[in-house]
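# Structure at a glance
What follows is the residue order along each chain.
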Amino acid sequence: MKILIIEDEPALGSAVRDRVRQAGHVVDWFKTLTDARAALIASSYDFLLLDLGLPDGNGRDLLREIRRDCSSLAILITTAQDQVSDRIAGLSEGADDYIVKPYDLDELVARIDAVARRYAALPDNVVMVGTIRIDLARRQLERDGQTVDLSAREWAIVELLARRPGAVCSREQIEDALYGLSDDVESNAIEVFVSRIRKKTGPGLIMTVRGRGYCLAENTSR
């Protein structure tokens, strides 16, 4: 997933960013509501980790703005232990979960995964393409019953296409899912990753749509 972190404590923000990236996600981290709003306009995110006490306001203001727009963005709020009223209000206003500071980073990742599973569009989270089985919940791809080892970004491409069976994803959409705003993207990066996936899965999984982008093969089923 592509995750936006809003956290003004430098040490905590850095630790959260590194741990969430380690879990295989693409991460952008900002310290103010102003920067977060700009990021949400500039890029598309799957998940928001939202601190409530920020230098330029309360994170609940941004939460309300997002839910007014009927966004399906998954949101987990973080707050200090004595802010019970803020936690209750945040959940009432549309947050999906909360975690209290100080928190364990492994628990944070587990909560992110749990919320993300509730947002999964596929009823069983499994997509079949011929003999290839893509299990979105377990983040696993099997070919002829054998697990295929994919890197984090290779998996991100497979997941993006698998969640949109029949749809063509442009290079720009794929780059947006793979990289943060501060990352430099080489011009042939997507082609390199797709080529690696094809070597591991066979050429029949990902199809090139000339001039438009990529999609899963047409014999996709759920």
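Residues numbered from 1 in each chain as written. Predicted model: local features only at pLDDT ≥ 70, side-chain atom pairs only at ≥ 80, totals over all residues. Heavy atoms only, no water.

### Some remarks on the overall build of the protein chain
Of regular secondary structure, the protein chain possesses eight helices and 14 strands. When its C-alpha atoms are laid out on the principal axes, the protein chain stretches across 55 × 35 × 30 Å. By the burial criterion, 45% of the 222 residues in the protein chain qualify as buried. A sequence separation of at least 24 residues applies to 57% of the contacts in the protein chain between residues at least 6 apart. Accessible surface computed for the protein chain: about 11,100 Å², of which carbon and sulfur atoms make up 48%. Once the 30 positive and 36 negative side-chain charges of the protein chain are each reduced to a mean point, those two points are 5 Å apart. (Helix = DSSP H or I, 4+ residues; strand = E, 2+ residues; numbered from the N terminus. Buried < 20%, exposed > 50% of the residue type's maximum accessible area, 1.4 Å probe, protein only. Contact = heavy atoms within 4.5 Å. Areas by Shrake-Rupley, 256 points an atom, 1.4 Å probe, with all protein chains shown as cover. Lys, Arg positive; Asp, Glu negative; His and termini not counted. Charge placed at Lys NZ, Arg CZ, Asp CG, Glu CD.)

### As for the sheet that holds strand S7 (residues 97-101)
Taken in spatial order, the five strands make up an open sheet running S2-S1-S3-S6-S7, and their pairing is parallel. Of all the strands in the sheet, the pair left with one neighbour each is strand S2 (26-30) and S7. When the angles between neighbouring strand axes are averaged without regard to direction, this sheet yields 20°. Here strand S1 (residues 2-6) pairs with strand S3 (residues 47-51) via four bridges, running parallel. (Pairing = 2+ DSSP bridges. Axes fitted to C-alpha atoms, helices over the stretch in contact; angles between N-to-C directions.)

### Section: the state of the cysteines
Taken as a whole and assessed by the stated rule, the structure comprises zero disulfides. With no disulfide of its own, cysteine 169 lies closest to cysteine 215 among cysteine sulfurs, the gap being 8.6 Å. According to the relative accessible area criterion, cysteine 169 is buried, its value standing at 2%. (Disulfide = S-S within 2.5 Å.)

### What to know about the pattern of salt bridges
Evaluation of the coordinates by the stated rule reveals 18 salt bridges. Its salt-bridge partner being glutamate 9, residue lysine 101 comes within 3.3 Å of it at the nearest N-O pair. Of this pair, lysine 101 sits in strand S7 while glutamate 9 sits in the loop between S1 and helix H1 (10-22), placing them 92 residues apart in sequence. Of the residues examined, lysine 101 reaches a relative accessible area of 14% and is grouped as buried. A salt bridge links aspartate 51 to lysine 101; its shortest N-O distance comes to 3.2 Å. Remark: lysine 101 occurs in strand S7 and aspartate 51 occurs in strand S3; sequence separation between them is 50 residues. For the residue pair aspartate 51 and lysine 101, the accessibility class agrees, reading buried in each case. Residues joined in a network through salt bridges with shared partners are Glu7, Glu9, Asp51 and Lys101. (Salt bridge = Lys/Arg side-chain N within 4 Å of Asp/Glu carboxyl O.)

### Some points on the domain arrangement of the protein chain
Each domain of the protein chain was delimited in the assignment, giving domain 1 (2-121) and domain 2 (126-216). The gap between the C-alpha centroids of domain 1 and domain 2 is 26 Å. Opposite the 14 residues of domain 1 that make contact, domain 2 presents ten residues. Summed over both sides, the interface of domain 1 with domain 2 buries roughly 840 Å², with 49% coming from carbon and sulfur. In this assembly, domain 1 and domain 2 are joined by one salt bridge. Note that aspartate 176 is salt-bridged to lysine 2, the shortest N-O span being 2.9 Å. Per element, the largest residue contribution to the side of domain 1 that touches domain 2 is four residues, and it comes from S2. Residues belonging to the side of domain 1 that touches domain 2 are distributed by class as follows: eight nonpolar, four polar and two charged. (Domains from an automatic or database assignment. Buried area = accessible area lost by both parts, 1.4 Å probe. Nonpolar A, V, L, I, M, F, W, Y, C, P; charged D, E, K, R; others polar.)

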